Amino acid sequence: AQSVTQLGSHVSVSEGALVLLRCNYSSSVPPYLFWYVQYPNQGLQLLLKYTSAATLVKGINGFEAEFKKSETSFHLTKPSAHMSDAAEYFCAVSDPDNYGQNFVFGPGTRLSVLP
Amino acid sequence: EAGVTQFPSHSVIEKGQTVTLRCDPISGHDNLYWYRRVMGKEIKFLLHFVKESKQDESGMPNNRFLAERTGGTYSTLKVQPAELEDSGVYFCASSLTDSFGYTFGSGTRLTVV
C-alpha cells in the first residue's frame, strides 16, 4: 500500500528565506505525486504535480519540487518565502496504473512565515 | 468556470443527529470524490463516483455514512446518526475522466458535540 510521510508538522521560516518542505513516499512503482496547499478557510489548491515527465516540476507562486526516485522523495522548495505563503501544505500520491482512483495524502506541514 | 461548491461551510450538530453535506462539482466532471480530515489526522479518501455510480467506496468508515449522486450531478453525504468521532473537515473534489489532479472544494467543517 502506498504511504506518504512529511517531515515536520510545523515549519517556520523568516520572510525571504528558503522554504523546504519534505515529502517521502512509499510505493512499489513510481507514483504520480502532487503538492496541495490549503490557505486559511479555503479548499485544497493544486500547487504542482509530477506525472513521469521532467523530474523538476515548477508550480504556482514560485514553488517547485524535484522527484528523486533513488530517495523516494518529492520535496517542495521556494527560494524566498513571502508572508502570503503561510498555509498548510500536503503531499499526495496516486497510482499511475489506476489514475482516477483515490489519492493518499501525507499528514500535512503547516508553514509559518515570520516577518 | 465555477469551482467545486460545498455547503454548508460549517455545521455544528449534537451527537445522534443527522447531517447532510452537499457537493456541487464542476459542470461536466464525471468523477466526484469525497475525502475527510479528522482532527490531527491525514486527509482520507471516502469514496469515488463516476457519474451516478459508486466506483469505489472502500474508504467509507461505517454504515452511518451514506453518499448519493442522483443524476450524476451534485452529491450528498449523509451522516446518521452522527458521532463525536465524525467531527472534521469533509472535502469534495471533482475531475474530468482523464484529468490529472482534482479540483477541491473549500470543505465542510463538521463539529459533533
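Residues numbered from 1 in each chain as written. Chains lettered and ligands numbered in written order. Predicted model: local features only at pLDDT ≥ 70, side-chain atom pairs only at ≥ 80, totals over all residues. Heavy atoms only, no water.

1. Re the overall build of chain A
The criterion, for reference: Each helix is a run of DSSP H or I of at least 4 residues and each strand a run of E of at least 2, with the numbering of both proceeding from the N terminus. C-alpha atoms define the radius of gyration, and 2.2 Å times the number of residues to the power 0.38 defines the globule rule. Residue exposure (1.4 Å probe, protein chains only): buried if accessible area is under 20% of the type maximum, exposed if over 50%, otherwise partly exposed.
Within chain A one finds zero helices and 12 strands. In terms of C-alpha radius of gyration, chain A reaches 14 Å, essentially the compact-globule figure of 13 Å for 115 residues. Across its three principal axes, chain A shows a C-alpha extent of roughly 45 × 30 × 20 Å. The buried share among the 115 residues of chain A stands at 44%.

2. Structural notes on the interface of chain A and chain B
One widely used convention gives an interface's size as the accessible area the parts lose upon coming together. Rule in force here: Working rule for contacts: check all heavy atoms of both residues, and any pair within 4.5 Å makes them a contact. Put simply, buried area is how much 1.4 Å-probe accessible surface two parts lose in total, over both of them, once they are put together. When a carboxyl oxygen of Asp or Glu lies within 4 Å of a side-chain nitrogen of Lys or Arg, that pair is called a salt bridge. In protein, a polar contact means a hydrogen-donor-capable atom and an acceptor-capable atom, both N or O and within 3.5 Å, with residues adjacent in sequence counting only if both atoms are side-chain atoms; elsewhere, any N or O pair within 3.5 Å suffices. Following the grouping adopted for this structure description, the nonpolar residues are Ala, Val, Leu, Ile, Met, Phe, Trp, Tyr, Cys and Pro, the charged ones are Asp, Glu, Lys and Arg, and the polar ones are all others, Gly among them.
Contact with chain A, which involves 19 residues of that partner, is made by 17 residues of chain B. Both faces considered, chain A and chain B share a buried interface measuring about 1600 Å² in area, 56% of it formed by carbon and sulfur atoms. The tally of links between chain A and chain B comes to one salt bridge. Where Arg37 of chain B meets Glu88 of chain A, a salt bridge forms, and the shortest distance between an N and an O atom there is 3.0 Å. Run the count over chain A and chain B and you get four residue pairs in polar contact (both at pLDDT 80 or more). For the side of chain A that touches chain B, the secondary structure elements donating two or more residues are β5 (32-38), β6 (44-50) and β10 (87-94) of chain A. No other element matches the four residues that β5 of chain A contributes to the side of chain A that touches chain B. Of the residues in the side of chain A that touches chain B, the class split is nine nonpolar, eight polar and two charged.

3. What about the nonpolar core?
What counts here: Only buried residues count toward a nonpolar core. Its members are Ala, Val, Leu, Ile, Met, Phe, Trp, Tyr and Cys residues joined through side-chain atoms within 4.5 Å.
In this structure, Trp35, Leu48, Phe74, Leu76 and Tyr89 of chain A are the most contacted members of the largest nonpolar core, which totals 27 residues. For this core, the secondary-structure elements that each account for two or more residues are β2 (10-14), β3 (19-21), β5, β6, β8 (64-68), β9 (73-78), β10 and β12 (109-114) of chain A. With four residues, β10 of chain A is the largest single contributor of residues to this core. If we ignore the near neighbours within four places in the chain, the residues touching Phe74 of chain A are Cys23, Leu33, Phe34, Trp35, Leu48, Lys49, Tyr50, Val57, Ala65, Glu66 and Phe67 of chain A. Core analysis: the second largest hydrophobic core is formed by 21 residues, Ile13, Leu21, Cys23 and Phe49 of chain B among them.

4. A look at the pattern of salt bridges
Summed over all chains, the structure comprises nine salt bridges over all chains. We note a salt bridge from Asp85 of chain A to Lys78 of chain A, for which the minimum N-O separation is 2.9 Å. There is no split in this pair, since Asp85 of chain A and Lys78 of chain A are both buried. Residues Lys54 of chain B and Glu57 of chain B are paired through a salt bridge, measuring 3.9 Å at the closest nitrogen-oxygen approach. The class of Lys54 of chain B is partly exposed, set by a relative accessible area of 36%.

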